[in-house]
Amino acid sequence: AGGLDQPVFVTNAGDGSGLLFVAEQPGRIRVVENGEVRPAPFLDITDRVTSGGERGLLGFAFPPGFGPARPSAYVHYSGDDGATVISEFRLDPNDTGRLDPSSERVLLTEPQPYPNHNGGWIGVDATGMQANGLGDGGSGGDPENRASDLGTILGKMLRIDVLGATGGQAYAIPDDNPFVGLDGNPRLEILHYGLRNPFRASIDPATGDLWIGD
């Protein structure tokens, strides 16, 4: 397929449609059908994405059972001020071939002190929990030591429960996350720490192992 603008990620919706979805760094998700890129994007949020270098629309994921009964997808991007934004977008009720840009529900934001090491991967594990990779905040050599600081989500792989959130919460904390119940006020979203720039990762469907491209 040709005609893409800075493609950085490709996946499918797990719905048997055979469609491929490609993230373009400036802020669009394009659909590839039978080797051709559809003219209309699946999502266009270029109006709110800061793109260039290691910033932009960096990743997205579909929940298990994506479709009419669960019409949402999740996007990881750099916002207007460069901050990490993880949001939910819903299918357009008038055009189920695209996500509605106005349906955005922000799940999480985190300021980025530098323009590099923003991470960018987002996925769903075998238990239905959402995983998100955030870089250490940038510069070189992690000068503020964020990756090993359990009080910040920078330099971490996060694990959150989006589908099980209640009471107006954006997400819940899975009970089996490793820092739940520990002293010292760690961020309970943390699954792994000590990371530099987890731009890509994957989850082994057979074992559940998480492989991180840092």
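Look above for the structure.
Residues numbered from 1 in each chain as written. Predicted model: local features only at pLDDT ≥ 70, side-chain atom pairs only at ≥ 80, totals over all residues. Heavy atoms only, no water.

S.K.: Is there a simple way to explain the packing of aromatic side chains in this structure?
M.R.: Any aromatic ring pair is given by two values, namely how distant the centres are and how the planes are angled relative to each other. Here the structure, examined in full by the defined rule, presents 7 aromatic pairs. Here the aromatic rings of Phe-179 and Tyr-193 are separated by 6.0 Å at their centres, their planes lie at 65°, and the arrangement is edge-to-face. Linking Phe-179 in the loop between β13 (156-160) and β14 (190-193) with Tyr-193 in strand β14, this pair joins segments that are 14 residues apart in sequence. Residue Phe-179 is classed as buried on the basis of its relative accessible area of 12%. Judged by its relative accessible area of 45%, Tyr-193 falls in the partly exposed class. Against the face of Phe-199 rests Arg-200, its NZ or CZ located 4.0 Å from the ring centre. (Phe/Tyr/Trp six-rings, centres within 6.5 Å; stacked < 30°, edge-to-face > 60°. Helix = DSSP H or I, 4+ residues; strand = E, 2+ residues; numbered from the N terminus. Buried < 20%, exposed > 50% of the residue type's maximum accessible area, 1.4 Å probe, protein only. Lys NZ or Arg CZ within 6 Å of the ring centre and 35° of its normal.)

S.K.: Is there a simple way to explain empty space enclosed by the protein in this structure?
M.R.: To find leftover empty space, a probe the size of one water molecule is rolled over the atoms. As enumerated under the stated definition, the model contains 1 cavity of 30 Å³ or more in all. Roughly 50 Å³ of internal volume is contained in the largest cavity. Considering the residues around the largest cavity, the lining is formed by Pro-63, Pro-64, Tyr-74, Val-124, Gly-128, Gln-130, Val-162 and Leu-163. Split by residue class, the lining of the largest cavity holds 6 nonpolar, 2 polar and no charged. (1 Å grid on protein atoms, 1.4 Å probe; cavity = no way out; pocket = protein on both sides within 12 Å on 5 of 7 lines; lining within 4 Å. Points joined across faces, edges and corners; volume = space filled by probe spheres on them. Nonpolar A, V, L, I, M, F, W, Y, C, P; charged D, E, K, R; others polar.)

S.K.: What am I meant to see in the side chain of His-117 here?
M.R.: By the secondary structure assignment, His-117 is in the loop between β10 (105-110) and β11 (122-124). The class for His-117 is buried, based on a relative accessible area of 4%. A polar atom in the side chain of His-117 sits 3.3 Å from the side chain of Arg-196. Discounting residues that sit within four places of it in the chain, His-117 has contacts with Glu-54, Gln-112, Gly-135, Asp-136, Gly-137, Gly-138, Ser-139, Arg-196 and Asn-197. (Polar contact = N/O pair within 3.5 Å; in protein donor to acceptor, adjacent residues only side chain to side chain. Contact = heavy atoms within 4.5 Å.)

S.K.: How should I be thinking about the pattern of salt bridges in this particular structure?
M.R.: Two side chains bearing opposite charge may form a pair once their charged atoms approach each other closely. A complete count under the given rule lists 12 salt bridges for this structure. In this structure, Glu-33 and Arg-38 form a salt bridge, with 3.0 Å as the shortest nitrogen-oxygen distance. With a relative accessible area of 33%, Glu-33 lands in the partly exposed category. Since its relative accessible area comes to 26%, Arg-38 is described here as partly exposed. Ionic pairing is found between Asp-92 and Arg-98, a salt bridge with its closest N-O pair at 2.8 Å. Overall, Asp-92 belongs to the buried group, its relative accessible area being 8%. The exposure class of Arg-98 is partly exposed, given its relative accessible area of 28%. Put simply, Asp-5, Glu-24, Arg-28 and Arg-30 are held in one network by salt bridges that share partners. (Salt bridge = Lys/Arg side-chain N within 4 Å of Asp/Glu carboxyl O.)

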